[in-house]
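The lines below spell out each chain.
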Amino acid sequence: MKKILYISVILFSFSSIFVSCKKNSVISSISRDDLFSLKYGNFENQINLFDLAEYGDTIPTSMAMKGGFFYISNGESKKLLELNSYGDLLTLYHNKEENPAPLFNASVGNSVGVSPKANEVTTKKVIEYPFNCPSKICVDSKQGLYVVEVLPVERQENDGKRTLKQVVLRFNNNSFIDYLGQQGPGGTPFPYIYNIYTTANNELVVICIVPDGHEVFWFSETGYLLHNILINTKDAPNPLDDEEDRTTYLKVENIIPDNKDYKLFVKIDYYNPVIDETSKVQSSVEFNSTYVYPLDAKTGKYGKPVQIPGYEEVITQGFSKIVYKNPYDFLGVSNSNWLFFTITTPKGYIVQIVDPDGSRIIKRLLEFNNDKILFQNFSVSGEGIVTALLAGKEHADVVWWRTDSLLDSLVNK
(Lines give C-alpha, C1' and ligand atoms only; values in the text may rest on other atoms or scores of the structure.)
Protein backbone atom coordinates (compact mmCIF):
# COMPACT_ATOMS: atom_id res chain seq x y z
CA MET A 1 0.00 0.00 0.00
CA LYS A 2 1.30 3.37 -0.96
CA LYS A 3 2.09 5.82 1.82
CA ILE A 4 -0.05 8.97 1.70
CA LEU A 5 0.86 12.22 3.37
CA TYR A 6 -0.73 15.63 3.28
CA ILE A 7 0.77 19.07 3.07
CA SER A 8 -0.39 22.46 4.24
CA VAL A 9 2.64 24.54 3.30
CA ILE A 10 2.76 26.91 0.35
CA LEU A 11 4.39 25.33 -2.70
CA PHE A 12 6.65 27.61 -4.60
CA SER A 13 7.03 27.61 -8.37
CA PHE A 14 10.31 26.45 -9.83
CA SER A 15 10.15 29.01 -12.60
CA SER A 16 12.10 31.69 -10.74
CA ILE A 17 15.37 29.78 -11.14
CA PHE A 18 15.29 29.92 -14.90
CA VAL A 19 16.19 32.69 -17.30
CA SER A 20 12.97 32.93 -19.31
CA CYS A 21 9.58 31.33 -19.71
CA LYS A 22 6.57 31.42 -21.99
CA LYS A 23 3.18 29.73 -22.10
CA ASN A 24 2.94 26.68 -24.26
CA SER A 25 -0.08 28.01 -26.14
CA VAL A 26 -1.87 31.24 -26.78
CA ILE A 27 -4.96 31.77 -24.62
CA SER A 28 -7.57 34.27 -25.75
CA SER A 29 -8.37 37.09 -23.37
CA ILE A 30 -11.87 38.12 -22.36
CA SER A 31 -12.83 41.77 -22.10
CA ARG A 32 -12.84 43.33 -18.67
CA ASP A 33 -15.48 45.79 -17.53
CA ASP A 34 -14.20 48.38 -15.06
CA LEU A 35 -17.35 49.19 -13.10
CA PHE A 36 -16.24 51.70 -10.46
CA SER A 37 -13.44 52.65 -8.08
CA LEU A 38 -13.33 53.21 -4.34
CA LYS A 39 -10.96 55.70 -2.75
CA TYR A 40 -9.07 54.92 0.43
CA GLY A 41 -10.19 56.63 3.60
CA ASN A 42 -12.69 56.55 6.43
CA PHE A 43 -15.70 58.20 4.81
CA GLU A 44 -18.81 56.17 4.08
CA ASN A 45 -18.05 55.50 0.40
CA GLN A 46 -14.38 54.69 0.99
CA ILE A 47 -12.53 51.63 2.25
CA ASN A 48 -9.51 51.31 4.50
CA LEU A 49 -6.62 49.20 3.23
CA PHE A 50 -3.87 51.13 4.96
CA ASP A 51 -2.69 48.24 7.14
CA LEU A 52 -2.21 45.47 4.58
CA ALA A 53 1.20 44.51 5.99
CA GLU A 54 -0.33 43.90 9.41
CA TYR A 55 -2.75 41.23 8.17
CA GLY A 56 -0.43 39.28 5.87
CA ASP A 57 -2.33 36.60 3.91
CA THR A 58 -5.52 36.96 5.97
CA ILE A 59 -6.65 40.45 4.96
CA PRO A 60 -10.21 40.87 6.32
CA THR A 61 -11.70 42.44 3.19
CA SER A 62 -13.87 40.54 0.74
CA MET A 63 -16.55 41.15 -1.87
CA ALA A 64 -19.64 39.33 -3.11
CA MET A 65 -21.88 40.13 -6.08
CA LYS A 66 -25.56 39.22 -6.33
CA GLY A 67 -27.91 40.40 -9.07
CA GLY A 68 -25.61 43.25 -10.11
CA PHE A 69 -25.24 44.59 -6.55
CA PHE A 70 -21.90 44.50 -4.74
CA TYR A 71 -21.34 43.81 -1.07
CA ILE A 72 -17.95 44.65 0.44
CA SER A 73 -16.82 43.70 3.92
CA ASN A 74 -13.96 45.93 5.06
CA GLY A 75 -12.58 44.60 8.32
CA GLU A 76 -9.97 47.31 8.73
CA SER A 77 -12.66 50.00 8.97
CA LYS A 78 -15.25 47.76 10.69
CA LYS A 79 -17.97 48.26 8.10
CA LEU A 80 -19.90 46.76 5.19
CA LEU A 81 -20.93 48.49 1.98
CA GLU A 82 -23.78 47.70 -0.39
CA LEU A 83 -23.33 49.38 -3.78
CA ASN A 84 -24.91 49.22 -7.22
CA SER A 85 -22.91 48.59 -10.40
CA TYR A 86 -22.24 52.35 -10.76
CA GLY A 87 -20.58 52.48 -7.34
CA ASP A 88 -23.45 54.35 -5.67
CA LEU A 89 -23.66 53.57 -1.98
CA LEU A 90 -27.04 52.06 -1.08
CA THR A 91 -26.53 50.78 2.46
CA LEU A 92 -23.79 51.37 5.00
CA TYR A 93 -23.39 48.95 7.90
CA HIS A 94 -20.81 50.38 10.29
CA ASN A 95 -19.40 50.61 13.78
CA LYS A 96 -20.26 54.21 14.67
CA GLU A 97 -17.51 54.31 17.30
CA GLU A 98 -14.87 53.61 14.63
CA ASN A 99 -16.25 55.58 11.67
CA PRO A 100 -17.25 59.21 11.11
CA ALA A 101 -20.93 60.06 10.67
CA PRO A 102 -22.03 59.73 7.01
CA LEU A 103 -21.85 62.96 5.02
CA PHE A 104 -25.41 62.53 3.80
CA ASN A 105 -26.55 63.00 7.43
CA ALA A 106 -28.54 59.80 7.64
CA SER A 107 -29.94 58.49 10.85
CA VAL A 108 -30.42 54.79 11.36
CA GLY A 109 -32.96 53.65 8.76
CA ASN A 110 -33.93 55.41 5.53
CA SER A 111 -32.26 58.56 4.31
CA VAL A 112 -32.29 60.50 1.07
CA GLY A 113 -29.10 61.18 -0.86
CA VAL A 114 -28.07 62.14 -4.39
CA SER A 115 -26.50 59.75 -6.86
CA PRO A 116 -23.31 61.31 -8.27
CA LYS A 117 -23.70 59.28 -11.45
CA ALA A 118 -27.28 59.97 -12.45
CA ASN A 119 -27.91 63.12 -10.38
CA GLU A 120 -31.08 61.50 -9.11
CA VAL A 121 -32.49 61.25 -5.63
CA THR A 122 -31.83 57.82 -4.17
CA THR A 123 -32.58 56.11 -0.89
CA LYS A 124 -29.60 55.38 1.32
CA LYS A 125 -29.60 53.50 4.57
CA VAL A 126 -27.29 53.35 7.55
CA ILE A 127 -27.25 50.35 9.89
CA GLU A 128 -25.23 50.61 13.07
CA TYR A 129 -23.56 47.50 14.46
CA PRO A 130 -20.51 47.22 16.79
CA PHE A 131 -18.31 45.30 14.34
CA ASN A 132 -15.02 44.01 15.68
CA CYS A 133 -13.40 42.63 12.50
CA PRO A 134 -15.81 41.54 9.74
CA SER A 135 -14.24 39.51 6.93
CA LYS A 136 -15.83 36.94 4.57
CA ILE A 137 -19.21 37.95 3.17
CA CYS A 138 -22.01 36.36 1.13
CA VAL A 139 -25.61 37.18 0.26
CA ASP A 140 -28.71 35.11 -0.54
CA SER A 141 -31.48 35.62 -3.09
CA LYS A 142 -33.56 37.64 -0.60
CA GLN A 143 -30.64 40.01 -0.02
CA GLY A 144 -30.00 38.43 3.34
CA LEU A 145 -26.44 39.31 4.31
CA TYR A 146 -23.99 36.98 6.08
CA VAL A 147 -20.59 38.08 7.34
CA VAL A 148 -17.87 36.38 9.37
CA GLU A 149 -17.10 38.26 12.59
CA VAL A 150 -14.47 37.91 15.31
CA LEU A 151 -15.91 37.93 18.83
CA PRO A 152 -14.43 40.12 21.57
CA VAL A 153 -11.88 38.25 23.69
CA GLU A 154 -14.25 37.90 26.63
CA ARG A 155 -16.78 36.01 24.46
CA GLN A 156 -14.30 33.65 22.84
CA GLU A 157 -14.21 29.99 23.91
CA ASN A 158 -11.63 27.21 24.03
CA ASP A 159 -12.46 23.57 23.34
CA GLY A 160 -9.15 22.26 24.66
CA LYS A 161 -7.52 22.19 21.22
CA ARG A 162 -7.96 25.69 19.89
CA THR A 163 -9.57 29.05 20.50
CA LEU A 164 -13.05 29.39 19.00
CA LYS A 165 -13.61 33.04 18.19
CA GLN A 166 -15.59 33.45 14.95
CA VAL A 167 -19.34 33.58 14.29
CA VAL A 168 -21.50 34.45 11.27
CA LEU A 169 -23.67 37.55 11.61
CA ARG A 170 -27.03 37.62 9.82
CA PHE A 171 -28.70 40.78 8.50
CA ASN A 172 -32.04 40.96 6.71
CA ASN A 173 -34.24 43.84 5.59
CA ASN A 174 -31.39 46.13 6.58
CA SER A 175 -31.43 45.06 10.23
CA PHE A 176 -29.43 42.71 12.40
CA ILE A 177 -31.11 39.34 13.05
CA ASP A 178 -28.68 37.26 15.13
CA TYR A 179 -25.43 35.33 14.84
CA LEU A 180 -24.85 31.68 13.97
CA GLY A 181 -22.46 29.40 15.81
CA GLN A 182 -21.76 25.70 15.32
CA GLN A 183 -25.20 24.58 16.52
CA GLY A 184 -27.14 27.46 14.94
CA PRO A 185 -28.38 30.78 16.38
CA GLY A 186 -26.35 31.75 19.44
CA GLY A 187 -24.25 28.57 19.22
CA THR A 188 -20.64 27.85 20.08
CA PRO A 189 -18.17 29.94 18.03
CA PHE A 190 -16.64 28.28 14.98
CA PRO A 191 -13.06 27.17 14.39
CA TYR A 192 -11.22 29.32 11.82
CA ILE A 193 -13.68 30.01 9.00
CA TYR A 194 -12.09 29.60 5.58
CA ASN A 195 -15.16 30.76 3.62
CA ILE A 196 -18.95 31.00 3.63
CA TYR A 197 -21.52 30.42 0.87
CA THR A 198 -25.26 30.61 0.30
CA THR A 199 -27.23 28.23 -1.92
CA ALA A 200 -30.26 28.63 -4.19
CA ASN A 201 -32.39 27.60 -1.21
CA ASN A 202 -30.95 30.47 0.83
CA GLU A 203 -29.07 28.02 3.02
CA LEU A 204 -25.73 28.94 4.56
CA VAL A 205 -22.63 26.74 4.25
CA VAL A 206 -19.66 27.46 6.53
CA ILE A 207 -16.27 25.91 5.66
CA CYS A 208 -13.86 25.72 8.62
CA ILE A 209 -10.24 24.61 8.95
CA VAL A 210 -9.61 22.17 11.79
CA PRO A 211 -6.48 20.24 12.86
CA ASP A 212 -7.45 17.10 10.90
CA GLY A 213 -8.65 18.86 7.76
CA HIS A 214 -11.91 20.73 7.21
CA GLU A 215 -15.27 20.82 8.93
CA VAL A 216 -18.42 21.90 7.11
CA PHE A 217 -21.58 23.28 8.74
CA TRP A 218 -24.68 23.40 6.53
CA PHE A 219 -27.59 25.48 7.84
CA SER A 220 -31.21 25.90 6.72
CA GLU A 221 -32.61 29.29 5.81
CA THR A 222 -33.87 29.66 9.38
CA GLY A 223 -30.43 28.85 10.83
CA TYR A 224 -31.14 25.22 11.79
CA LEU A 225 -28.09 22.94 11.47
CA LEU A 226 -28.84 20.44 8.70
CA HIS A 227 -25.49 18.74 8.14
CA ASN A 228 -22.11 18.65 9.85
CA ILE A 229 -19.35 17.00 7.81
CA LEU A 230 -15.74 16.39 8.87
CA ILE A 231 -13.46 16.06 5.85
CA ASN A 232 -10.42 14.34 7.31
CA THR A 233 -7.39 14.83 5.12
CA LYS A 234 -5.82 11.48 5.98
CA ASP A 235 -8.97 9.69 4.78
CA ALA A 236 -9.19 11.62 1.51
CA PRO A 237 -9.38 9.44 -1.63
CA ASN A 238 -6.28 8.87 -3.71
CA PRO A 239 -6.60 7.95 -7.41
CA LEU A 240 -2.87 7.21 -7.58
CA ASP A 241 -3.22 4.06 -5.46
CA ASP A 242 -2.82 1.83 -8.50
CA GLU A 243 0.47 3.37 -9.51
CA GLU A 244 3.92 2.29 -8.34
CA ASP A 245 4.54 2.08 -4.61
CA ARG A 246 5.72 5.52 -3.59
CA THR A 247 4.84 8.30 -1.23
CA THR A 248 2.04 10.62 -2.32
CA TYR A 249 1.50 14.01 -0.77
CA LEU A 250 -1.96 15.46 -0.99
CA LYS A 251 -3.59 18.78 -0.16
CA VAL A 252 -7.31 19.53 0.11
CA GLU A 253 -7.09 22.94 -1.54
CA ASN A 254 -10.71 24.07 -1.41
CA ILE A 255 -14.26 22.92 -0.72
CA ILE A 256 -17.28 24.58 -2.37
CA PRO A 257 -20.95 23.61 -1.99
CA ASP A 258 -23.32 22.72 -4.80
CA ASN A 259 -25.83 25.51 -5.34
CA LYS A 260 -28.90 23.24 -5.46
CA ASP A 261 -28.12 19.82 -3.96
CA TYR A 262 -26.68 18.69 -0.62
CA LYS A 263 -23.30 18.11 -2.20
CA LEU A 264 -19.79 19.48 -1.79
CA PHE A 265 -17.07 19.76 -4.41
CA VAL A 266 -13.75 18.82 -2.83
CA LYS A 267 -10.61 19.77 -4.77
CA ILE A 268 -7.53 17.72 -3.93
CA ASP A 269 -4.04 18.29 -5.35
CA TYR A 270 -1.58 15.38 -5.42
CA TYR A 271 2.20 15.66 -5.35
CA ASN A 272 5.15 13.31 -5.74
CA PRO A 273 8.48 13.64 -3.90
CA VAL A 274 11.56 14.78 -5.80
CA ILE A 275 14.69 12.90 -4.78
CA ASP A 276 18.10 14.52 -5.18
CA GLU A 277 20.19 12.18 -7.31
CA THR A 278 23.39 12.98 -5.45
CA SER A 279 22.30 12.81 -1.83
CA LYS A 280 19.34 10.44 -2.39
CA VAL A 281 17.36 12.68 -0.05
CA GLN A 282 14.02 14.23 -0.83
CA SER A 283 14.64 17.81 -1.94
CA SER A 284 11.13 18.98 -2.83
CA VAL A 285 7.78 17.86 -4.23
CA GLU A 286 6.33 18.13 -7.72
CA PHE A 287 2.72 18.44 -8.77
CA ASN A 288 1.15 15.30 -10.15
CA SER A 289 -2.56 15.89 -10.66
CA THR A 290 -5.78 17.50 -9.44
CA TYR A 291 -9.14 15.84 -8.88
CA VAL A 292 -12.46 17.32 -7.81
CA TYR A 293 -14.68 14.91 -5.91
CA PRO A 294 -18.42 15.31 -5.30
CA LEU A 295 -19.12 14.54 -1.64
CA ASP A 296 -22.62 13.75 -0.39
CA ALA A 297 -23.31 16.12 2.51
CA LYS A 298 -25.84 13.66 3.98
CA THR A 299 -23.71 10.51 3.94
CA GLY A 300 -20.17 11.91 3.80
CA LYS A 301 -19.34 9.59 0.89
CA TYR A 302 -17.23 10.61 -2.11
CA GLY A 303 -18.51 10.14 -5.65
CA LYS A 304 -16.73 9.73 -8.98
CA PRO A 305 -14.11 12.49 -9.42
CA VAL A 306 -13.33 14.77 -12.32
CA GLN A 307 -9.68 15.21 -13.24
CA ILE A 308 -8.69 18.85 -13.71
CA PRO A 309 -5.76 19.58 -16.06
CA GLY A 310 -2.90 21.49 -14.49
CA TYR A 311 -1.41 24.67 -15.89
CA GLU A 312 1.62 23.86 -18.05
CA GLU A 313 4.52 26.25 -18.03
CA VAL A 314 7.23 25.90 -20.66
CA ILE A 315 10.63 26.93 -19.31
CA THR A 316 13.56 27.49 -21.69
CA GLN A 317 17.23 27.79 -20.82
CA GLY A 318 19.55 27.93 -23.77
CA PHE A 319 18.60 25.06 -26.07
CA SER A 320 16.79 23.03 -23.42
CA LYS A 321 13.07 23.11 -22.69
CA ILE A 322 11.29 21.82 -19.61
CA VAL A 323 7.54 21.67 -18.99
CA TYR A 324 6.33 22.19 -15.44
CA LYS A 325 2.77 21.62 -14.28
CA ASN A 326 1.17 23.64 -11.51
CA PRO A 327 -2.30 23.27 -9.99
CA TYR A 328 -5.04 25.82 -10.52
CA ASP A 329 -6.85 27.34 -7.54
CA PHE A 330 -10.52 26.38 -7.17
CA LEU A 331 -12.50 29.63 -7.44
CA GLY A 332 -16.15 28.58 -7.48
CA VAL A 333 -19.06 26.72 -9.03
CA SER A 334 -21.84 28.09 -11.25
CA ASN A 335 -25.54 27.28 -10.90
CA SER A 336 -25.13 24.69 -13.66
CA ASN A 337 -22.12 23.15 -11.83
CA TRP A 338 -19.42 24.38 -14.17
CA LEU A 339 -16.19 24.46 -12.14
CA PHE A 340 -14.06 27.62 -12.18
CA PHE A 341 -10.29 27.58 -11.58
CA THR A 342 -7.68 30.32 -11.72
CA ILE A 343 -3.92 30.71 -11.70
CA THR A 344 -1.69 33.78 -11.62
CA THR A 345 0.43 34.62 -14.68
CA PRO A 346 2.57 37.66 -15.53
CA LYS A 347 -0.35 39.12 -17.54
CA GLY A 348 -3.06 38.53 -14.96
CA TYR A 349 -5.18 35.45 -14.25
CA ILE A 350 -6.02 32.51 -16.44
CA VAL A 351 -9.49 31.17 -15.73
CA GLN A 352 -10.12 27.53 -16.62
CA ILE A 353 -13.78 26.50 -16.72
CA VAL A 354 -14.61 22.78 -16.67
CA ASP A 355 -18.05 21.27 -17.19
CA PRO A 356 -19.46 18.90 -14.52
CA ASP A 357 -18.24 15.68 -16.17
CA GLY A 358 -14.89 17.12 -17.30
CA SER A 359 -15.60 16.63 -21.01
CA ARG A 360 -15.43 20.33 -21.98
CA ILE A 361 -12.82 22.86 -20.91
CA ILE A 362 -12.45 26.51 -21.83
CA LYS A 363 -9.64 28.88 -20.87
CA ARG A 364 -9.48 32.63 -20.98
CA LEU A 365 -7.03 35.26 -19.83
CA LEU A 366 -8.29 37.86 -17.36
CA GLU A 367 -5.89 40.69 -18.03
CA PHE A 368 -4.57 43.10 -15.40
CA ASN A 369 -1.17 44.30 -14.23
CA ASN A 370 -0.06 42.15 -11.29
CA ASP A 371 2.78 44.53 -10.49
CA LYS A 372 0.34 47.33 -9.65
CA ILE A 373 -2.01 45.24 -7.53
CA LEU A 374 -1.41 45.21 -3.77
CA PHE A 375 -4.42 43.08 -2.89
CA GLN A 376 -7.05 41.19 -4.87
CA ASN A 377 -10.23 39.36 -4.01
CA PHE A 378 -11.92 37.20 -6.68
CA SER A 379 -15.26 35.43 -6.72
CA VAL A 380 -17.66 33.89 -9.21
CA SER A 381 -21.43 34.36 -9.20
CA GLY A 382 -24.01 31.64 -9.77
CA GLU A 383 -24.47 32.94 -13.32
CA GLY A 384 -20.77 32.45 -13.95
CA ILE A 385 -19.60 36.07 -13.82
CA VAL A 386 -16.09 36.49 -12.41
CA THR A 387 -15.81 39.61 -10.23
CA ALA A 388 -12.80 41.12 -8.49
CA LEU A 389 -11.76 43.83 -6.09
CA LEU A 390 -8.32 44.99 -7.28
CA ALA A 391 -6.54 47.27 -4.84
CA GLY A 392 -3.75 49.50 -6.17
CA LYS A 393 -1.75 52.24 -4.50
CA GLU A 394 -4.31 55.02 -4.92
CA HIS A 395 -7.69 53.28 -5.11
CA ALA A 396 -9.45 49.93 -5.43
CA ASP A 397 -11.22 48.95 -8.64
CA VAL A 398 -14.33 46.79 -8.84
CA VAL A 399 -14.33 44.88 -12.14
CA TRP A 400 -15.94 41.91 -13.76
CA TRP A 401 -15.49 39.58 -16.70
CA ARG A 402 -18.67 38.29 -18.35
CA THR A 403 -17.59 34.67 -18.48
CA ASP A 404 -21.29 33.78 -18.22
CA SER A 405 -21.59 34.40 -21.98
CA LEU A 406 -19.05 31.62 -22.55
CA LEU A 407 -21.17 29.20 -20.57
CA ASP A 408 -24.34 30.25 -22.39
CA SER A 409 -22.74 29.61 -25.77
CA LEU A 410 -21.67 26.11 -24.70
CA VAL A 411 -24.89 25.12 -22.94
CA ASN A 412 -26.99 26.23 -25.91
CA LYS A 413 -25.02 24.25 -28.46
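Everything here concerns the structure above.
A. Up close: the packing of aromatic side chains. Counted according to the given criterion, the structure contains 22 aromatic pairs. Each ring, one from Y349 and one from F378, has its centre 4.4 Å from the other, and the planes form 15°; the classification is stacked. Taken together, the residues span a long stretch of sequence, with Y349 in strand β29 (residues 348-354) and F378 in strand β31 (residues 375-380) at a distance of 29 residues. For the pair shown, Y349 and F378 are each scored as buried. Aromatic ring contacts, followed pair by pair, group Y93, Y129, F131, F171 and F176 into a single cluster. Of note, R402 hangs over the ring of W400, and the distance from its end group to the ring centre comes to 5.4 Å.

B. Inspection of the sheet that holds strand β33 (residues 395-401) at higher detail. Reading across the sheet, the 4 strands line up as β3-β33-β32-β31 and stay open at both edges, with antiparallel pairing between neighbours. Unpaired on one side and paired on the other, β3 (32-39) and β31 mark the two borders of the sheet. Strand-to-strand twist of the sheet, defined as the mean angle between neighbouring strand axes without regard to direction, takes the value 15°. Pairing between strand β32 (residues 386-391) and β33: 6 bridges, direction antiparallel. The residue bridging L390 from the neighbouring strand is D397, located in β33.

C. Highlighting the environment of K298. By the element assignment, K298 lies in the loop between β23 (282-296) and β24 (306-308). In sequence terms K298 and I229 are 69 residues apart; their C-alpha atoms lie 8.2 Å from each other. With residues near it in sequence (within four places) discarded, K298 still touches H227 and Y262.

Cut-offs applied
Residues numbered from 1 in each chain as written. Predicted model: local features only at pLDDT ≥ 70, side-chain atom pairs only at ≥ 80, totals over all residues. Heavy atoms only, no water. Phe/Tyr/Trp six-rings, centres within 6.5 Å; stacked < 30°, edge-to-face > 60°. Helix = DSSP H or I, 4+ residues; strand = E, 2+ residues; numbered from the N terminus. Buried < 20%, exposed > 50% of the residue type's maximum accessible area, 1.4 Å probe, protein only. Lys NZ or Arg CZ within 6 Å of the ring centre and 35° of its normal. Pairing = 2+ DSSP bridges. Axes fitted to C-alpha atoms, helices over the stretch in contact; angles between N-to-C directions. Contact = heavy atoms within 4.5 Å.

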